[in-house]
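# Descriptive analysis of the structure
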Amino acid sequence: MNKSFLDWNYSKEQFVENSTQKTEELLDFANMVFSMEYSNTDFATLLPKAYSKERCQIPTHHIIREENKVRALIDSYPLTMRITDKNEYAIKACFLGTVCVHPNSRGKGYMIELMKQVEEDAVRQGCALMILDGDRHRYQHYGFEHAGIRYRFHIEPNNIRHCCAQIYKEPTTIEQSYHFEEIRSESSRIAYFYELYRRGIVTTRSEEDFWLSLQSYGAIAYAVLKGEQTIGYVVLSEGQGSISEFELEDVQILPAVIRDLMSEFNIDQLEMSAGMDEIDKIEWLEKMCDYWNISISHMIKILDYDKVLTFLLKWKQKYSTLVAGTYVIGICNEQTAVTESYQLSIIETNICVTRTAQKADVVLESMELVKLLTTNFYFVEQLKGEQSKLKNAPAGWFPLPFYLPEADTF
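As a starting point, this report considers the structure included with it. Only a predicted model underlies this, so the values are computations on that prediction, with no experimental measurement involved.

### Observations concerning the overall build of the chain
Looking only at helices and strands, the chain features 13 helices and 19 strands. Structurally, the chain occupies a C-alpha span of about 75 × 60 × 35 Å along its principal axes. Taken over 410 residues, the chain has a buried fraction of 54%. In the chain, once contacts between residues fewer than 6 apart in sequence are set aside, the share between residues at least 24 apart is 71%. As presented, the chain carries roughly 19,500 Å² of accessible surface, and 46% of it is formed by carbon and sulfur atoms.

Encoded structure:
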């Protein structure tokens with residue numbers, strides 16, 4: 001990086017709860033830069049889980065200053081991803097956000113320096129992967145690639161009315177069965193909602209994080225009520241055009257709940273998403289929708305292949321039967337051109353990923369691995385037949401899942 005224009009320095013800071021002045025300095029800088037592209041950005045309101053006064057010590061701030069003025073910033077938000085069962089398996093990750101450079105300081109290589117420092121810090125902290133959202137081609141430059149499969153469903157009132165008539169054998173016009181009550185921070189129901197959330201295969205939030213996370217990006221959480229009984233929650237986006245998260249005691253009532261939600265809030269179009277592991281949800285969402293599509297989830301960079309590949313295989317094993325077998329993947333680092341091989345083994349229900357000197361069944365560059373093994377491009381590659389790089393891949397192992405709801409993003 002060229003230091004000749006102005007003197008600059010890098011710092012890593014993690015503010016304590018009473019660091020009001022420093023927090024405001026960074027938020028003012030980030031709000032200013034983002035408001036130039038997205039009007040009236042206010043990160044304290046958008047992400048209270050990280051930037052509210054009681055939470056400002058959670059992110060790590062990676063900063064470049066010129067003459068003691070902030071000129072570039074990346075914040076790192078810690079996550080622990082857990083497969084929630086009696087044999088819990090967890091990996092540490094970090095979600096990168098609030099990535100910005102002052103307009104007058106662009107082109108100086110500050111983002112290259114910050115990304116290098118963030119990755120080195122993530123490795124020191126024991127993170128197995130980094131996650132972010134944003135411009136794909138911008139972040140490919142730093143080794144990130146899109147991962148995961150997300151199903152997105154489009155629902156309109158006529159779809160849902162006819163769906164309910166078919167499923168429940170009732171007329172298309174009936175009285176509302178379910179009602180919705182906005183959840184407040186003091187609500188005694190929050191602990192119950194957290195237990196519903198923990199039924200998912202993979203969770204990232206602690207009970208302390210749960211409530212503030214649901215408020216991310218202006219979303220509003222509602223209790224789902226049948227009479228006086230609470231039977232779940234839904235989280236509506238700020239414009240009420242999408243449900244970013246929902247959990248119900250019984251997913252079979254989902255069509256009736258969505259019908260009544262759209263009626264109560266006068267919603268004429270609704271989008272809902274699910275990860276590929278949410279099989280029960282997908283089945284009912286498909287019945288309700290006018291159309292659906294498949295998209296990608298987030299961008300990731302794997303730092304520890306043993307841990308991440310083990311985690312993703314265990315994740316898939318929770319909703320799909322994986323045949324026993326062994327597969328050796330060579331992973332070529334695009335920057336160093338060094339290839340390291342990993343043996344993936346499944347014996348009965350035991351999953352093991354280890355470094356190996358064996359000849360690889362396939363050699364992939366690191367970003368290519370993410371794209372081919374976790375997205376629908378796996379199926380595109382398989383269509384190549386004998387020319388496919390993955391022609392010898394064990395049946396059913398791939399694509400591996402990766403999807404986090406909006407409340408987990410940063």
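On we go from here.
### Observations regarding the packing of helix α9 (residues 254-264) against helix α10 (residues 279-288)
The axes of two packed helices give the description: the angle between them and the distance between them. One way to put it is that α9 packs onto α10 with a least axis distance of 10 Å and a crossing angle of 50°. When the axes of α9 and α10 are compared, the pair comes out oblique. Between α9 and α10 the crossing geometry is right-handed. Residue-level contacts link L254, P255 and I258 of α9 to W284, L285 and M288 of α10.

### Structural notes on the pairing of strand β19 (residues 362-365)
Walk down a regular strand and you will see the side chains alternate between the two sheet faces. Along β19, the buried face is formed by V362 and L364; none of V363 and E365, which line the opposite face, is buried. Note: strand β16 (residues 325-332) against β19, four bridges, orientation parallel. Directly across from G330, in β19, lies its bridge partner V363.

### As for the nonpolar core
Counting 98 residues, the largest nonpolar core has M81, I131, L254, I258, L270, M272 and W315 as the members making the most contacts within it. Ranked by residue count, the leading element in this core is helix α11 (residues 305-317), at seven residues. Setting aside chain neighbours within four positions, we find I258 in contact with I160, I243, L270, M272 and M288. Within the second largest apolar cluster, 21 residues are counted, among which are W8, A72, L96 and L132.

### Comments concerning the sheet that holds strand β7 (residues 149-155)
Across the sheet, which stays open at both edges, the seven strands sit in the order β8-β10-β11-β12-β13-β7-β14 with mixed pairing between neighbours. Pairing within the sheet leaves two strands with one partner each, and these edge strands are β8 (179-182) and β14 (291-296). When strand polarity is set aside, the average angle formed by the axes of neighbouring strands in this sheet is 35°. For strand β11 (residues 229-236) and strand β12 (residues 242-248), the ladder comprises five bridges, and the chain directions are antiparallel. Bridge pairing in β12 places V234 opposite F246.

### Focus on the sheet that holds β16
With respect to topology, four strands assemble into an open sheet ordered β18-β17-β16-β19, the strand pairing being mixed. Since the sheet does not close on itself, it has two edges, and those belong to β18 (350-356) and β19, each with one partner. Within this sheet the neighbouring strands show an average axis-to-axis angle of 25°, counted without direction. As paired elements, strand β17 (residues 339-347) and β18 share seven bridges and run antiparallel to each other. Its bridge partner being in β18, Y342 is matched across the sheet by R355. Along the sheet face, α11 touches β16, β17 and β18 and points at about 160° away from the line of β18. Of the strands in this sheet, β16 and β19 touch helix α12 (residues 366-374), which is tilted by about 110° from β19.

### Overview of α11
Over its 13 residues, α11 extends 18 Å from the first C-alpha to the last, a length consistent with the 18 Å expected when each residue adds 1.5 Å. Listed in full, the buried residues belonging to α11 are Y305, V308, L309, T310, F311, L312, L313, W315 and K316. Here α11 starts with a cap whose side-chain oxygen sits 3.3 Å from the backbone nitrogen of D306, and that cap is D304.

Calculation rules
By convention here, each chain's residues receive numbers from 1 onward along its written sequence. The predicted nature of this model means local features are confined to residues of pLDDT at least 70 and side-chain atom pairs, given and counted, to a pLDDT of 80 or more, with totals for whole chains, interfaces and linings taken over all residues. The side-chain values count all of the structure's non-hydrogen atoms but skip hydrogen atoms and water molecules. Only DSSP runs of H or I reaching four residues or more are called helices, and only runs of E reaching two or more are called strands; each is numbered from the N terminus. When accessible area is computed with a 1.4 Å probe and restricted to protein chains, residues below 20% of their type maximum are described as buried, those above 50% as exposed, and intermediate ones as partly exposed. In this description, contact between two residues means that some pair of their heavy atoms is separated by no more than 4.5 Å. For every accessible area listed, the method is Shrake-Rupley and the probe measures 1.4 Å; residues are considered covered only by the protein chains on display. Whenever a helix is involved, its axis is fitted only over the stretch in contact; in every case the axis is a line through C-alpha atoms, and angles between N-to-C directions fall within 0 to 180 degrees. Here the word oblique covers every angle except those under 35 degrees (roughly parallel), over 145 (roughly antiparallel) and from 65 to 115 (roughly perpendicular). In this scheme, a crossing is called left-handed if the near helix is turned counterclockwise away from the far one by less than a right angle; it is called right-handed if the turn is clockwise. At least two bridges found by DSSP between two strands are what make those strands a pair. As used in this record, nonpolar core signifies buried Ala, Val, Leu, Ile, Met, Phe, Trp, Tyr and Cys residues forming a set joined through side-chain atoms within 4.5 Å. Here the expected span of a helix is defined as 1.5 Å times the quantity of residues minus one. The term polar contact refers here to a pair of N or O atoms within 3.5 Å; inside protein, the definition further demands a hydrogen-donor-capable atom paired with an acceptor-capable atom, and it admits residues adjacent in sequence only when both atoms are side-chain atoms.

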